[in-house]
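A closer look at the structure
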Amino acid sequence: MLHTVNKSPYSSDSLKLCMAYMQSGDAVLLIEDGVYAAMKGGESEALVSGSSEKVYALGPDLKARGIASDKLIDGIEVVGFDGFVNLAAESDKVQNWL
Amino acid sequence: MSETKKMLYINRNAPYGTVYALEGLEVVLIGAAFEQDVSMAFIGDGVYQILKGQDTSDSDMKNFSPTYNALGDYEVTKLYVEQESLDERGLTVDDLMPLVYEDEDDDWAEKPSIVLLSRAELAGVMAEQDVLFNF
Amino acid sequence: MKFSLMVNEGPYNHQASDTAYNFAKAVLAGGHEIFRVFFYHDGVNNGTRLTTPPQDDRNIVERWSAMAAEHGVDLVICVAAAQRRGIADEDESKRNGKDADNIAPGFRISGLGQLIEAGIQSDRLVEFGD
């Protein structure tokens, strides 16, 4: 399953819930305001770096918000919309945490 | 349509403050006509949708909570409620509407539709689905 | 692969419609098919032709219409949600005794069954909302 999270971890419980619902083989893509969870140094970092599954972040949303690559938590992979489509196609279904 | 798909409607929003609970329920009811394997999950504030005793008589909003009682007739008989969400909110299953369905395979015996699951168990249910809707 | 999209928020208020549009573009560029884009809740507001966004900003409604025109993408607005929010085509307008309609080109108004059908017929359903 591909999960997406579109809310900042500081304004919503979506990321926390998503991480709790992830199963082995799942992946999560941070989009829209969800990309703030990709920034290191914040209190939500543990939620992301503690994940045993892959965490991706949508490039255009990071760039729009001024989150440069040196600010990203280690291990997060940045993808574009083509990557978003590929991730959705490669998993069996998509769970959009709103 | 060659196959029946397992469709889970995930509800995370409380009623009345936003429209998602009401309009989400409308999708479930319409969807029942398509004879798919439909179930609902109530997570987070979504559990408030089926809290007992909703009364909008001092409000001008429509009380749509009685509609949940009809779900059984629409063959939506599995209403998964996340235990952690109830615990966080100081609720138990007794605070929820006693939603039931009539089991045609058991002489139309009335059975509870609400299924309490832990987060881990509900994650397993989600993994088995074909399509997930979020309201 | 057949994708369907669900858009739950109106233009500009939330990034949902933008993300959905860019995802749709990438679906088509990737050689996949879009079965349907279904607009629900405030998403129906993406279907009014009366928006006048600032000249230096993206025109969300028009680019959905252009996608429908260029690629034949099926843009469906939920009738119940549209009635609540005042999005109408000529037929709906007459049926409900209104003095105007406002639907944008390329969009059509239909029932929630179209969303369920999209979930059944598509390989992937992706939802964009608040």
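The following paragraphs examine the structure supplied in this document. This structure is a prediction, so every number in the text was calculated from the model and none was measured. (Residues numbered from 1 in each chain as written. Chains lettered and ligands numbered in written order. Predicted model: local features only at pLDDT ≥ 70, side-chain atom pairs only at ≥ 80, totals over all residues.)

1. So, the overall build of chain A
This is how the line gets drawn: Working definition: helices are DSSP H or I runs of at least four residues, strands are E runs of at least two. Numbering for both runs from the N terminus. In this treatment the radius of gyration is a C-alpha quantity, and the globule benchmark scales as 2.2 Å times the residue count to the 0.38 power. With C-beta atoms placed from the backbone, the exposure class of a residue follows from how many other C-beta atoms lie within 10 Å of its own: 20 or more, buried; 12 or fewer, exposed; in between, partly exposed. Contacts here follow a simple rule: the backbone-placed C-beta atoms of the two residues must lie within 7 Å.
Along chain A, the regular secondary structure elements total four helices and five strands. Compactness check: chain A gives a C-alpha radius of gyration of 12 Å against a globular reference of 13 Å for 98 residues, within 12% of the reference. With the C-alpha coordinates of chain A rotated into their principal frame, the extents come out at 30 × 25 × 25 Å. In chain A, which comprises 98 residues, the share counted as buried stands at 49%. Long-range contacts, defined here as pairs at least 24 residues apart, represent 69% of the contacts in chain A between residues at least 6 apart.

2. Looking at helix α5 (residues 113–121) of chain C
Among the residues of α5 of chain C, those classed as buried are L115, I116, E117, A118, G119 and I120 of chain C. Of the surrounding elements, those touching the buried residues of α5 of chain C are β1 (6–11), α1 (20–31) and β7 (131–134) of chain B together with β1 (2–7), β2 (33–39) and β5 (124–128) of chain C.

3. Digging into the pairing of strand β5 (residues 94–97) of chain A
Residue and element names in this part refer to chain A. In plain terms, the rule: Strand pairing requires that DSSP identify at least two bridges connecting the strands.
A two-sided burial pattern is seen for β5, the buried positions comprising V94 and N96 on one face and Q95 and W97 on the other. Inspection of the sheet shows strand β1 (residues 2–5) paired to β5 by four bridges, in the parallel sense. Note on β5: the bridge partner recorded for H3 is Q95.

4. Considering the interface of chain A and chain C
We count it as follows: Charged means Asp, Glu, Lys or Arg here, nonpolar means Ala, Val, Leu, Ile, Met, Phe, Trp, Tyr, Cys or Pro, and polar covers whatever is left, Gly included.
Listed by partner, the interface residues are 12 residues for chain A and 16 residues for chain C. For the side of chain A that touches chain C, the secondary-structure elements that each account for two or more residues are α4 (81–90) and β5 of chain A. The element best represented in the side of chain A that touches chain C is α4 of chain A, accounting for six residues. Taken together, the residues of the side of chain A that touches chain C break down into eight nonpolar, one polar and three charged.

5. Observations concerning the sheet that holds β1 of chain C
Strands belonging to one sheet form pairs held by backbone hydrogen bonds; the direction of such a pair is parallel or antiparallel. Residue and element names in this part refer to chain C. To keep things clear, this is the line we draw: Convention adopted: a line fitted to C-alpha atoms gives each axis, helices being fitted over their contacting stretch, and angles between N-to-C directions are expressed from 0 to 180 degrees.
Spatially, β4-β3-β2-β1-β5 is the arrangement adopted by the five strands of the open sheet, whose pairing is parallel. The sheet is open, and its two edges are formed by β4 (107–110) and β5, each paired on a single side. Strand after strand, the sheet turns through a mean of 25 degrees between neighbouring axes, direction not considered. The sheet contact formed by strand β3 (residues 75–78) and β4 spans four bridges and is parallel. Pairing of V76 across the sheet is with R108, part of β4. Strand contacts of α5: β1, β2, β3, β4 and β5, with the helix running at about 150 degrees to β2, the strand carrying the most contacts.

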